Amino acid sequence: MPSPSLQLVLASASPARLATLRAAGLDPSVLVTGADEDQVRADSPVSLVAALAELKADTATAMLGAPQQRTLLLACDSMMELDGQAVGKPGDEQAAVELWRRMRGRKVLLHTGHVARLLGADQPTSLTRVATTVVRFAEVDDEEVAAYARTGEPARVAGGFAINGLAGPFVAGIEGDHHNVVGISLPLLRTMLAELGVAWPTLWGN
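Because the structure is predicted, anything quoted here is derived from the model rather than measured.

## A look at the layout of surface pockets
1) Next: What the largest pocket holds in volume is close to 860 Å³.
2) Next: Going through the elements one at a time, helix 1 (15-23), helix 2 (45-64), strand 3 (70-82) and helix 5 (178-182) are the ones with two or more residues in the lining of the largest pocket.
3) Next: Residues belonging to the lining of the largest pocket are distributed by class as follows: 19 nonpolar, nine polar and nine charged.

Structure, rendered in C-alpha coordinates:
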(Lines give C-alpha, C1' and ligand atoms only; values in the text may rest on other atoms or scores of the structure.)
Protein backbone atom coordinates (compact mmCIF):
# COMPACT_ATOMS: atom_id res chain seq x y z
CA MET A 1 0.00 0.00 0.00
CA PRO A 2 1.27 3.51 -0.71
CA SER A 3 2.44 5.55 2.25
CA PRO A 4 0.37 8.76 2.42
CA SER A 5 2.79 10.26 4.94
CA LEU A 6 5.71 10.30 2.51
CA GLN A 7 5.92 12.96 -0.19
CA LEU A 8 8.08 12.12 -3.22
CA VAL A 9 9.99 14.91 -5.01
CA LEU A 10 12.18 14.56 -8.12
CA ALA A 11 14.81 17.30 -8.45
CA SER A 12 15.26 17.01 -12.20
CA ALA A 13 13.92 18.67 -15.33
CA SER A 14 14.34 15.44 -17.33
CA PRO A 15 11.07 14.21 -18.87
CA ALA A 16 12.71 10.79 -19.38
CA ARG A 17 13.46 10.38 -15.68
CA LEU A 18 9.93 11.37 -14.74
CA ALA A 19 8.44 9.00 -17.32
CA THR A 20 10.65 6.15 -16.06
CA LEU A 21 9.51 6.64 -12.47
CA ARG A 22 5.87 6.91 -13.50
CA ALA A 23 6.11 3.71 -15.55
CA ALA A 24 7.46 2.02 -12.41
CA GLY A 25 4.42 3.12 -10.39
CA LEU A 26 5.79 6.28 -8.76
CA ASP A 27 4.31 9.73 -9.28
CA PRO A 28 6.70 12.35 -7.86
CA SER A 29 6.25 16.08 -7.93
CA VAL A 30 8.99 17.81 -9.93
CA LEU A 31 11.27 20.53 -8.60
CA VAL A 32 13.63 22.12 -11.13
CA THR A 33 16.53 23.62 -9.19
CA GLY A 34 18.36 25.61 -11.87
CA ALA A 35 21.57 24.87 -9.97
CA ASP A 36 24.78 26.36 -11.40
CA GLU A 37 26.52 23.19 -12.58
CA ASP A 38 29.52 25.09 -13.96
CA GLN A 39 30.82 25.59 -10.42
CA VAL A 40 31.32 21.84 -9.89
CA ARG A 41 34.77 20.32 -10.36
CA ALA A 42 35.87 16.71 -9.86
CA ASP A 43 38.82 14.48 -10.70
CA SER A 44 36.84 11.84 -12.63
CA PRO A 45 33.55 11.51 -14.53
CA VAL A 46 32.16 9.26 -11.76
CA SER A 47 33.02 11.80 -9.08
CA LEU A 48 31.59 14.56 -11.25
CA VAL A 49 28.13 13.02 -11.72
CA ALA A 50 27.97 12.27 -8.01
CA ALA A 51 28.86 15.87 -7.17
CA LEU A 52 26.34 17.25 -9.67
CA ALA A 53 23.56 15.07 -8.26
CA GLU A 54 24.48 16.26 -4.77
CA LEU A 55 24.39 19.88 -5.94
CA LYS A 56 20.86 19.37 -7.25
CA ALA A 57 19.83 17.67 -4.02
CA ASP A 58 21.37 20.41 -1.86
CA THR A 59 19.71 23.15 -3.92
CA ALA A 60 16.35 21.38 -3.81
CA THR A 61 16.68 20.85 -0.06
CA ALA A 62 17.22 24.58 0.43
CA MET A 63 14.24 25.37 -1.82
CA LEU A 64 11.98 23.00 0.11
CA GLY A 65 13.00 24.48 3.46
CA ALA A 66 11.42 22.61 6.36
CA PRO A 67 8.72 20.46 4.72
CA GLN A 68 5.58 19.91 6.76
CA GLN A 69 5.36 16.38 5.42
CA ARG A 70 8.05 13.70 5.53
CA THR A 71 9.69 13.96 2.11
CA LEU A 72 11.80 11.67 -0.05
CA LEU A 73 13.92 13.76 -2.40
CA LEU A 74 15.51 12.19 -5.48
CA ALA A 75 18.18 13.93 -7.55
CA CYS A 76 20.13 12.60 -10.54
CA ASP A 77 22.70 13.68 -13.08
CA SER A 78 23.97 11.72 -16.08
CA MET A 79 27.15 12.00 -18.10
CA MET A 80 28.96 9.92 -20.69
CA GLU A 81 32.62 8.99 -20.39
CA LEU A 82 34.59 8.79 -23.65
CA ASP A 83 38.35 8.24 -23.67
CA GLY A 84 38.44 8.94 -19.95
CA GLN A 85 36.77 12.33 -20.32
CA ALA A 86 33.31 13.43 -19.18
CA VAL A 87 30.92 14.30 -22.02
CA GLY A 88 27.77 16.26 -21.22
CA LYS A 89 25.29 17.80 -23.64
CA PRO A 90 26.89 18.75 -26.98
CA GLY A 91 24.88 21.96 -27.05
CA ASP A 92 24.66 22.45 -30.83
CA GLU A 93 24.40 20.53 -34.09
CA GLN A 94 28.06 20.68 -35.10
CA ALA A 95 29.27 19.52 -31.70
CA ALA A 96 26.81 16.62 -31.88
CA VAL A 97 28.17 15.59 -35.30
CA GLU A 98 31.75 15.68 -34.04
CA LEU A 99 30.85 13.64 -30.97
CA TRP A 100 29.02 10.97 -32.97
CA ARG A 101 31.94 10.63 -35.37
CA ARG A 102 34.14 9.85 -32.36
CA MET A 103 31.88 7.36 -30.64
CA ARG A 104 30.21 5.40 -33.46
CA GLY A 105 31.23 1.75 -33.50
CA ARG A 106 32.67 2.04 -29.99
CA LYS A 107 31.80 1.25 -26.40
CA VAL A 108 31.36 4.14 -23.97
CA LEU A 109 30.39 4.42 -20.31
CA LEU A 110 27.20 6.14 -19.17
CA HIS A 111 27.31 7.25 -15.54
CA THR A 112 24.33 8.48 -13.51
CA GLY A 113 24.74 9.97 -10.08
CA HIS A 114 21.83 9.35 -7.69
CA VAL A 115 20.99 11.06 -4.42
CA ALA A 116 18.15 9.81 -2.22
CA ARG A 117 17.43 12.03 0.77
CA LEU A 118 14.82 11.80 3.50
CA LEU A 119 13.67 15.19 4.80
CA GLY A 120 11.29 16.14 7.58
CA ALA A 121 13.13 14.25 10.30
CA ASP A 122 15.38 15.78 12.95
CA GLN A 123 18.44 14.98 10.85
CA PRO A 124 18.10 14.51 7.08
CA THR A 125 19.40 11.14 5.90
CA SER A 126 21.09 11.07 2.51
CA LEU A 127 22.77 8.52 0.25
CA THR A 128 24.78 9.08 -2.92
CA ARG A 129 25.53 6.34 -5.43
CA VAL A 130 26.63 6.12 -9.08
CA ALA A 131 25.41 3.56 -11.60
CA THR A 132 27.43 2.80 -14.73
CA THR A 133 26.22 1.16 -17.94
CA VAL A 134 28.30 0.24 -20.97
CA VAL A 135 26.76 1.46 -24.23
CA ARG A 136 27.85 0.02 -27.58
CA PHE A 137 27.10 2.19 -30.60
CA ALA A 138 26.44 0.93 -34.11
CA GLU A 139 28.62 1.85 -37.08
CA VAL A 140 26.35 4.68 -38.23
CA ASP A 141 27.43 6.45 -41.41
CA ASP A 142 27.99 10.16 -42.00
CA GLU A 143 24.52 10.68 -43.49
CA GLU A 144 22.84 9.10 -40.46
CA VAL A 145 24.98 11.16 -38.10
CA ALA A 146 24.12 14.40 -39.91
CA ALA A 147 20.42 13.57 -40.07
CA TYR A 148 20.32 12.78 -36.36
CA ALA A 149 22.17 15.96 -35.45
CA ARG A 150 19.68 18.01 -37.48
CA THR A 151 16.80 16.79 -35.33
CA GLY A 152 18.20 18.73 -32.38
CA GLU A 153 17.80 15.77 -30.01
CA PRO A 154 21.50 14.99 -29.44
CA ALA A 155 22.39 18.60 -28.67
CA ARG A 156 20.22 18.69 -25.57
CA VAL A 157 20.87 15.31 -23.94
CA ALA A 158 23.83 13.95 -21.97
CA GLY A 159 26.27 12.09 -24.20
CA GLY A 160 24.54 13.32 -27.33
CA PHE A 161 22.02 10.51 -27.60
CA ALA A 162 18.65 9.41 -26.24
CA ILE A 163 18.28 5.62 -26.21
CA ASN A 164 14.53 6.01 -25.68
CA GLY A 165 14.31 8.50 -28.55
CA LEU A 166 15.54 8.82 -32.11
CA ALA A 167 18.94 7.31 -31.29
CA GLY A 168 17.45 3.95 -30.29
CA PRO A 169 18.36 2.26 -33.61
CA PHE A 170 21.94 3.53 -33.31
CA VAL A 171 22.59 1.72 -30.01
CA ALA A 172 23.76 -1.80 -30.82
CA GLY A 173 23.72 -3.05 -27.24
CA ILE A 174 24.26 -2.31 -23.58
CA GLU A 175 25.87 -4.01 -20.61
CA GLY A 176 24.07 -3.11 -17.40
CA ASP A 177 20.83 -1.38 -16.50
CA HIS A 178 18.85 0.05 -19.43
CA HIS A 179 17.05 2.52 -17.17
CA ASN A 180 20.39 4.02 -16.16
CA VAL A 181 20.98 5.06 -19.77
CA VAL A 182 17.61 6.82 -19.74
CA GLY A 183 18.77 8.72 -16.66
CA ILE A 184 17.80 6.86 -13.49
CA SER A 185 18.66 3.32 -12.38
CA LEU A 186 15.59 1.75 -10.82
CA PRO A 187 17.44 -1.29 -9.37
CA LEU A 188 20.05 0.97 -7.74
CA LEU A 189 17.39 3.35 -6.46
CA ARG A 190 15.45 0.46 -4.91
CA THR A 191 18.52 -0.68 -2.93
CA MET A 192 19.28 2.89 -1.85
CA LEU A 193 15.75 3.37 -0.54
CA ALA A 194 15.94 0.04 1.31
CA GLU A 195 19.04 1.40 3.10
CA LEU A 196 16.96 4.43 4.09
CA GLY A 197 14.20 2.17 5.41
CA VAL A 198 11.78 2.83 2.54
CA ALA A 199 10.35 -0.27 0.85
CA TRP A 200 9.84 0.22 -2.89
CA PRO A 201 6.22 -1.07 -2.99
CA THR A 202 5.18 1.55 -0.42
CA LEU A 203 5.91 4.20 -3.07
CA TRP A 204 3.49 2.84 -5.65
CA GLY A 205 0.97 5.56 -6.16
CA ASN A 206 3.18 8.19 -4.48
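The discussion continues.
## Describing the pattern of salt bridges
1) Next: Going through the model one piece at a time under the given rule, you end up with eight salt bridges.
2) Next: With a shortest N-O distance of 3.3 Å, Arg102 and Asp83 are connected by a salt bridge. One end of the pair, Arg102, is in helix 3 (residues 93-103); the other, Asp83, is in the loop between strand 3 and strand 4 (85-87), and 19 residues separate them in sequence.
3) Next: Note that Glu175 and Lys107 form a salt bridge whose closest N and O atoms lie 2.8 Å from each other. Residue Glu175 is located in strand 7 (residues 171-175), and its partner Lys107 is located in strand 5 (residues 107-119); the two are separated by 68 residues in the primary sequence.

## Focus: the environment of Leu203
1) Next: Mapped onto the elements of the fold, Leu203 is located in the segment after helix 6 (186-195).
2) Next: Considered as a pair, Leu203 and Asn180 are 23 residues apart in the sequence and their alpha carbons are 20 Å apart.
3) Next: Ignoring sequence-local partners within four residues, the contact set of Leu203 consists of Leu6, Gly25, Leu26, Leu72, Leu193 and Val198.

## Looking at the pairing of strand 6 (residues 125-137)
1) Next: Bridge count between strand 5 and strand 6: twelve bridges; the pairing is antiparallel. When the sheet's bridge partners are listed, Thr112 is paired in strand 6 with Ala131.
2) Next: Strand direction decides the pairing type here: strand 6 and strand 7, joined by four bridges, are antiparallel. The residue bridging Phe137 from the neighbouring strand is Val171, located in strand 7.

## As for the UniProt feature "active site" (unreviewed entry) in the chain
1) Next: Listed under "active site" (unreviewed entry) in the UniProt record, and renumbered for this structure, are Asp77.
2) Next: With respect to the secondary-structure elements, Asp77 resides in strand 3.
3) Next: A relative accessible area of 5% means that Asp77 is categorised as buried.
4) Next: Dropping the residues within four chain positions of it, Asp77 is found in contact with Arg17, Glu37, Val49, Leu52, Ala53, Lys56, His111, Thr112 and Gly113.
5) Next: There is a polar contact of 3.2 Å between the side chain of Asp77 and the side chain of Lys56.

Here is what the cut-offs are and how they apply
Residues numbered from 1 in each chain as written. Predicted model: local features only at pLDDT ≥ 70, side-chain atom pairs only at ≥ 80, totals over all residues. Heavy atoms only, no water. 1 Å grid on protein atoms, 1.4 Å probe; cavity = no way out; pocket = protein on both sides within 12 Å on 5 of 7 lines; lining within 4 Å. Points joined across faces, edges and corners; volume = space filled by probe spheres on them. Helix = DSSP H or I, 4+ residues; strand = E, 2+ residues; numbered from the N terminus. Nonpolar A, V, L, I, M, F, W, Y, C, P; charged D, E, K, R; others polar. Salt bridge = Lys/Arg side-chain N within 4 Å of Asp/Glu carboxyl O. Contact = heavy atoms within 4.5 Å. Pairing = 2+ DSSP bridges. UniProt positions renumbered as here; feature names shortened; annotations may be inferred. Buried < 20%, exposed > 50% of the residue type's maximum accessible area, 1.4 Å probe, protein only. Polar contact = N/O pair within 3.5 Å; in protein donor to acceptor, adjacent residues only side chain to side chain.

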